[in-house]
Amino acid sequence: MSKRVPFAIKETEHCPECGADLVIRNGVHGPFYACSSYPSCHYLRPLKAQAEGHIVKELDGQICPKCGFTLVLRQGRYGMFIGCSHYPECGHTELIDKPDDTSIHCPQCQKGKLLQRKSRFGKTFHSCSRYPACQFALNNKPISGECTFCHYPLLVEKRTSRGTKLFCANKLCSKQQVNEIETSNEP
């Protein structure tokens, strides 16, 4: 059984590849146009045109370092960012919220530093600055220190029902550490 579309199309569009009528189909990512002669023709296109972030505001006085056009504030799929107004000819983009540097060295590659970042869902995590060469990531706040059990060079701070505790960042160890945070909360 096909689902009914809540709006009517006044004009029938034709497939640019084979000339058959285009019909509206519903997919995982929403409705889209598809060729009615599928599977012999595989043409499809989104129902609404999606740009690479719509322009929210033009930033006067700020010039693109690559092409010299004005920079604009855009709303994209992962939030706000600054981009060139001459997109797609110029693909210059800048982040608004730059990742915070923790000045703790990555325990996996020993070359990069751990940066505080946000996922596309808004959760905070820490990862290596050398990504994608090093894919080390933590969901908890990293603390510089050494595990007393396995001597791993990094600890993480976790909030428990008994207060804030330090644990080993090594997934094979993950033992609780005796620390200053724990002893200062005791009477």
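Residues numbered from 1 in each chain as written. Predicted model: local features only at pLDDT ≥ 70, side-chain atom pairs only at ≥ 80, totals over all residues. Heavy atoms only, no water.

## A closer look at the nonpolar core
Ranked by size, the top nonpolar core spans 18 residues in total, and within it C106, L114, F136, L138, Y152 and L154 carry the most contacts. Listed by contribution, the elements that provide at least two residues to this core are strand 13 (154-160) and strand 14 (163-168). Apart from residues no more than four positions distant in its own chain, C106 is found in contact with G112, K113, L114, C128, C134 and F136. (Core = buried A, V, L, I, M, F, W, Y, C linked by side-chain atoms within 4.5 Å. Buried < 20%, exposed > 50% of the residue type's maximum accessible area, 1.4 Å probe, protein only. Helix = DSSP H or I, 4+ residues; strand = E, 2+ residues; numbered from the N terminus. Contact = heavy atoms within 4.5 Å.)

## What about the sheet that holds strand 3 (residues 44-46)?
If you walk across this open sheet you meet the three strands as 1-2-3, and the pairing is antiparallel. Sheet topology places strand 1 (22-27) and strand 3 at the edges, where each strand pairs with a single neighbour. Taken pair by pair, the neighbouring strands of this sheet meet at an average axis angle of 35 degrees, ignoring direction. Judged from the three bridges that link them, strand 2 (residues 30-35) and strand 3 form a sheet pairing that is antiparallel. Bridge assignment links A34 to a residue of strand 3, and that residue is L44. (Pairing = 2+ DSSP bridges. Axes fitted to C-alpha atoms, helices over the stretch in contact; angles between N-to-C directions.)

## Remarks on the environment of S85
Here S85 lies in the loop between strand 6 (79-84) and strand 7 (93-95). On the basis of relative accessibility, which here comes to 30%, the residue S85 falls in the partly exposed class. With 18 residues separating them in the primary sequence, S85 and C67 have C-alpha atoms 10.0 Å apart. Excluding anything up to four places from it in sequence, S85 contacts F69, T70, V72 and R74. A polar contact is formed between the side chain of S85 and the backbone oxygen of T70, at a distance of 2.8 Å. (Polar contact = N/O pair within 3.5 Å; in protein donor to acceptor, adjacent residues only side chain to side chain.)

## Looking at the UniProt feature "domain: DNA topoisomerase type IA zn finger" (unreviewed entry) in the chain
Mapped onto the present numbering, the UniProt feature "domain: DNA topoisomerase type IA zn finger" (unreviewed entry) falls on residues 13-49, 62-98 and 105-142. Its end C-alpha atoms 10 Å apart, residues 105-142 is made of 0% helix and 42% strand. (UniProt positions renumbered as here; feature names shortened; annotations may be inferred.)

## Overview of the side chain of S127
Mapped onto the elements of the fold, S127 is located in strand 10 (residues 124-128). The exposure class assigned to S127 is buried, which follows from its relative accessible area of 7%. Here R117 takes part through its side chain, which lies 3.1 Å from a polar atom of the side chain of S127. The contacts of S127, once residues within four sequence positions are left out, are K113, L114, L115, R117, F136 and A137.

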